[in-house]
Amino acid sequence: MNDQDRSVRRLMGDAEFVRKTLIVLGLGLLALLLWKLSDVLLLAFGAVLVAILLHAASDALVRYLRVPERWGLTAASLLIFILFLAIIALFGTQVRAQFSNVVERLPFAIDNFSKQLGLGAVSDDLSEIVNNAPTGGMAARLAGIGGAILDGLADFILVVIAGLYVAASPRLYREGFVKLFPIRHHARVESSLQASGQALRLWLTSQLIAMTCVAVLSAIAFWLIGLPSSIALGLIAGLADFIPFLGPILGALPAVLIAFSVSGETALWTVLAVIVIQQIEGNVIFPLVARSVISIPPALALFAILIGSVLFGTLGLIFGFPLAVVTYVLVKKLYVRETLGERTDVPGEPGNDGRQEAGS
């Protein structure tokens, strides 16, 4: 019997070892699959942001314009689409011409800036590289650039269409995600999704308003300074402002470089205008438009954006901060509060002001 008992225990131990090994292998394969699908998952996250934006617009129409609730989402989608078409119709030709002007001027602006720094003419080196490069190689590079632009446009269209589907039936996708977890965790997952969604909504709404203000103020300032293509440069500044911390710097670079190609005084005024506009955004616009800003400690937010860009490239740079918002909410709710038992306010929950989070 002792030998039999030992044999049984050995078999049970072997079976347990095999089970644990299979679990580890399964988790490893799952992690590898998620890594391979990271771009798709980021696009799906972008679709969720689109759905949140549409529902925020729908709720505003229902609340302030008394649009029937069942028509709110349709009205919001049509309104945004019509507004987009109107902007294209009114400013499309002018903006396209100004963007072309910016693209034409940027090489000369960079060249002039490098000369002022004593680095010589960068455009001469670029011309030499272009002239010495094989024709087939240059054609391949141009084709690659065109393909990247088309891929970006296709991804944008995909995100918008998927966002419309998610916005039309949010409960279907939310319940499907919740059912991936054991039944005993459904309530926790559901409340975490609601808090994350509300946090993203607060941030996205305030960010879009701030982007619009930055674009308008930048365009007016650049026009008063006398920069060419002021509308296009203002639009670039507004769009880049979607990325906190790094976005304002990236958005201001084209304007500053073109200002250097005009004169040193113009460049000085441009830099001053950019600084003033960013101060207005941080100290005036955000306090007015966002009563519940989701505030993440600046160092964490900056590293989240940098990590996202390193791991996932452009998509990681764009979605790094909203992903940090979701992670911040989940860590505070699921780990700090429910696992460690510490008292803490969770951004996105009813009654919590996100501005208090920075100091908590």
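Further up the page is the structure itself.
All figures in this text were calculated on a predicted structure; none of them were measured in a lab.

The rules we used
Residues numbered from 1 in each chain as written. Predicted model: local features only at pLDDT ≥ 70, side-chain atom pairs only at ≥ 80, totals over all residues. Heavy atoms only, no water. Core = buried A, V, L, I, M, F, W, Y, C linked by side-chain atoms within 4.5 Å. Buried < 20%, exposed > 50% of the residue type's maximum accessible area, 1.4 Å probe, protein only. Helix = DSSP H or I, 4+ residues; strand = E, 2+ residues; numbered from the N terminus. Axes fitted to C-alpha atoms, helices over the stretch in contact; angles between N-to-C directions. Parallel < 35°, antiparallel > 145°, perpendicular 65-115°, else oblique. Left-handed = near helix turned anticlockwise from the far one by under 90°. Contact = heavy atoms within 4.5 Å. Nonpolar A, V, L, I, M, F, W, Y, C, P; charged D, E, K, R; others polar. Polar contact = N/O pair within 3.5 Å; in protein donor to acceptor, adjacent residues only side chain to side chain.

K.L.:
Would you mind going over the nonpolar core with me for this structure?
P.N.:
For soluble globular proteins, nonpolar side chains are generally found buried alongside one another. Formed by 34 residues in total, the largest nonpolar core has its most connected members in Phe45, Leu200, Ile296, Phe319, Phe321 and Val325. Listed by contribution, the elements that provide at least two residues to this core are α2 (38–64), α5 (135–168), α7 (186–225) and α11 (298–337). Element by element, the count of residues in this core is highest for α11, at twelve residues. Counting eleven residues, the second largest nonpolar core, distinct from the first, contains Ala252, Val256, Phe260 and Val274.

K.L.:
Which parts of the structure should I look at to understand the packing of helix α8 (residues 230–240) against helix α9 (residues 246–262)?
P.N.:
Each pair of packed helices can be described by the angle between their axes along with the distance between the axes. Here α8 crosses α9 at 165 degrees, and the two axes come no closer than 7 Å. Of the possible angle classes, the one that applies to α8 and α9 is roughly antiparallel. Crossing of α8 over α9 shows right-handed handedness. Counting all contacts with α8, which are made through Leu233, Ile236, Ala237 and Ala240, the residues of α9 involved are Gly247, Pro248, Gly251, Pro254, Ala255 and Ile258. Looking at the contact of α8 with α9 residue by residue, the class counts come to eight nonpolar, two polar and no charged.

K.L.:
Explanation requested: unusual backbone geometry in the structure shown.
P.N.:
Leave glycine aside and you will find that most residues have negative phi; peptide bonds, for their part, are mostly trans. A positive phi angle, near 60 degrees, is found at Arg66, a position not held by glycine. The residue Arg66 is located in the loop between α2 and α3 (69–116) in this model. Judged by relative accessible area, which is 69%, Arg66 ranks as exposed. The backbone of Phe245 sits at a positive phi, close to 70 degrees, despite the residue not being glycine. If you trace the backbone, Phe245 turns up in the loop between α8 and α9.

K.L.:
Where do I start with the environment of Thr344 in this structure?
P.N.:
Its location among the elements puts Thr344 in the segment after α11. Judged by relative accessible area, which is 16%, Thr344 ranks as buried. Sequence-wise, Thr344 and Lys332 are twelve residues apart; in three dimensions their C-alpha atoms are separated by 7.1 Å. Ignoring sequence-local partners within four residues, the contact set of Thr344 consists of Lys332, Val336 and Arg337. Side-chain polar atoms of Thr344 contact the side chain of Lys332, separated by 2.7 Å.

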